[in-house]
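# Descriptive analysis of the structure
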Amino acid sequence: MHAEFWWYILVFGILAFLTVFVGLVARRRRRSEMRELQGTTHTGRGHVRDPAVAHPAAQRTGPVPTEAGASGGAFRGDGLGARLKGLFRGDVDDATWKELEDLLVRADVGPSASADLVARVQGAYHHGANPAHLLREEVLAILGAEAPLHLDGSLAVILVVGVNGSGKTTTIGKLAKRLVHEGRSVSLAAADTFRAAAGEQLEVWAKTAGAHVVGQERGADPGAVAFDAVKSAEARGADVLIVDTAGRLHTKQPLMDELKKVKRVIENAGAPVDESLLVLDAQTGQNGIAQAHAFTEAVELTGVVLTKTDGSAKGGIVLAVREELGLPIRYVGVGEKPDDLRPFDPAAFAERLLS
């Protein structure tokens, strides 16, 4: 009887020890989860991934850094100005105007835009006039003034579209950096859930820019990511939300329909899209115009960002976009550095084109 009593005491002692041990482990786990929640916010099925600086605009105490100024792009010079002088050195006849049109077409201006531009210059030309000056004036008339972004409301939304390889995600990172340097708090939506490592690439840019990222696992519904991003940005009091989207082949209608859905979801979440920007590789030439036509039908583009102007791109694509699509060039990519996204300057472009 005495031995049986001590046996019960031993069993109850072990059970008490295990109960205390399990309680301590559970408490430690809850504390760990609370620390994670303080650094990372969850909204629905979405997951918000914050870099070290989540609210750069709020945390900045010094003056706002000065970003690089506007640019006409880094298009290669084809000596169009010198060719014009040689072309108009002798008598000016129909062959002269035909040759000018051919020069513009070879510069990627496009057949329709080239013909229209030549007709304008020909109408203003008289003996002794400077053809380069007339062409410059007509180029500026086509391009109009600088066209900055229109970011209205408590949360401005920028939807960014484009085909894979155009530099879309990189452009988003550079644009976020510019906006943060202007004193805005920026959120990024990683709605490109199809391309491998797209979310990771956006996270790297977010750290560089001082923005935060809302995303889900690869293969998730892009519309769900966009919805969560809007709600998260509103909860944080962000000024701007930039939405990355999967690269679309403009010839694949189902993919374009999915893009329309993403825009509808954003608007249904209570955040009208302020800007829909198409990122175009300037080196694609006239194929870029076909891309732009298809994307315009899907999301009603408000502007174009031309990337890789520092490569083999010809400047005529700028005029083709403006003349054939009626879309302003918002920004140009002039290099690979984080600061190499510049607001487009029509006057600087005209000077470079005719140099």
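See above for the structure.
## What about the overall build of the chain?
Helix and strand counts for the chain come out as 13 helices and 10 strands. Per-residue burial over the chain gives 48% buried out of 355 residues. If you take every contact in the chain between residues at least 6 apart in sequence, the share linking residues at least 24 apart comes to 78%. In the structure as shown, the chain presents an accessible area of about 17200 Å², 54% of it carried by carbon and sulfur atoms.

## Considerations on the nonpolar core
Inside soluble globular proteins, nonpolar side chains tend to come together where they are buried. Val-139, Leu-241, Ile-266, Leu-306, Leu-319 and Val-321 are the most contacted members of the largest nonpolar core, which has 72 residues in total. Look past the residues within four positions of Leu-241 in its chain and what remains in contact with it is Leu-155, Ala-156, Val-157, Ile-158, Ser-187, Leu-188, Ala-189, Ala-229, Val-230 and Ala-233. One finds Leu-149, Ile-172, Ala-190 and Leu-202 within the second-largest nonpolar core, a separate group that totals 25 residues.

## A look at the pattern of salt bridges
Evaluated as defined, the whole model comprises 17 salt bridges. A salt bridge links Arg-106 to Glu-99; the shortest N-O distance between them is 3.5 Å. Residues Lys-177 and Asp-339 are paired through a salt bridge, measuring 2.5 Å at the closest nitrogen-oxygen approach. Of this pair, Lys-177 sits in helix 7 (residues 168–181) while Asp-339 is found in the loop between strand 9 (329–333) and strand 10 (341–343), placing the two residues 162 residues apart along the sequence. Looking at Lys-177, the relative accessible area reads 10%, which means it is buried.

## Points about the packing of helix 7 against helix 8 (residues 198–209)
At their nearest, the axes of helix 7 and helix 8 sit 9 Å apart, and the two run at 20° to each other. Judged by the inter-axis angle, helix 7 sits roughly parallel to helix 8. The two elements helix 7 and helix 8 meet at a crossing, and its hand is right-handed. For the pair helix 7 and helix 8, the contacting residues are Thr-169, Thr-170, Ile-172, Gly-173, Lys-174, Ala-176, Lys-177 and Val-180 in the first and Gln-201, Leu-202, Trp-205, Thr-208 and Ala-209 in the second.

## Some words on the pairing of strand 7 (residues 273–281)
Along any regular strand, the residues point their side chains to alternate faces of the sheet. The element strand 7 is largely enclosed, with a buried count of 8 among its 9 residues. Of the strand pairs in this sheet, strand 3 (residues 156–161) and strand 7 are connected by 5 bridges, and their pairing is parallel. Among the inter-strand pairings, Val-160 is bridged to a residue of strand 7, identified as Leu-277. Summarising the sheet, strand 7 and strand 8 (residues 303–307) pair through 5 bridges and their orientation is parallel. Looking across to strand 8, one finds that Val-279 is bridged to Val-305.

## Concerning the environment of Leu-202
Within the secondary structure, Leu-202 is located in helix 8. As a C-alpha pair, Leu-202 and Ala-189 span 13 residues in sequence and 8.8 Å in three-dimensional space. Leaving out residues up to four positions away in the same chain, Leu-202 has contacts with Thr-169, Ile-172, Leu-188, Ala-189, Ala-190, Val-213 and Asp-244.

## Quick notes on unusual backbone geometry
The residue Asp-108 is not glycine, and still its phi comes out positive at about 75°. Its location among the elements puts Asp-108 in the loop between helix 4 (94–106) and helix 5 (111–124). Since its relative accessible area comes to 18%, Asp-108 is described here as buried. With a phi close to 55°, Glu-300 is a non-glycine residue in the positive phi region. With respect to the helices and strands, Glu-300 occurs in the loop between helix 11 (287–299) and strand 8. In this structure Glu-300 comes out as exposed when scored by relative accessible area, which is 58%.

Rules used in this analysis
By convention here, each chain's residues receive numbers from 1 onward along its written sequence. It should be noted that, the model being predicted, local features are given only for residues of pLDDT at least 70 and side-chain atom pairs only at 80 or more, the latter also being counted only at that level, while totals for whole chains, interfaces and linings use all residues. Excluding hydrogens and water, the side-chain figures rest on all heavy atoms present in the structure. Comment: elements are numbered from the N terminus, with helices defined as DSSP H or I runs of at least four residues and strands as E runs of at least two. Burial classes follow relative accessibility: with a 1.4 Å probe on protein chains only, a residue under 20% of its type's maximum area counts as buried, one over 50% as exposed, and anything between as partly exposed. By definition, residues are in contact when any of their heavy atoms lie within 4.5 Å. Every accessible area reported is derived by Shrake-Rupley at a probe size of 1.4 Å, with residue values counting cover from the shown protein chains alone. Residues enter a nonpolar core if they are buried and are Ala, Val, Leu, Ile, Met, Phe, Trp, Tyr or Cys, with the set joined through side-chain atoms within 4.5 Å. Whenever a carboxyl oxygen of Asp or Glu lies within 4 Å of a side-chain nitrogen of Lys or Arg, that contact is scored as a salt bridge. A fitted line through C-alpha atoms serves as each axis, taken over the contacting stretch for helices, and the angle formed by two N-to-C directions is quoted from 0 to 180°. Here is the rule for angles: anything less than 35 degrees is roughly parallel, anything more than 145 is roughly antiparallel, 65 through 115 is roughly perpendicular, and the remaining ranges are oblique. In this scheme the handedness of a crossing depends on how the near helix is turned from the far one: anticlockwise by less than a right angle means left-handed, clockwise means right-handed. The criterion for strand pairing is that DSSP finds at least two bridges linking the strands in question.

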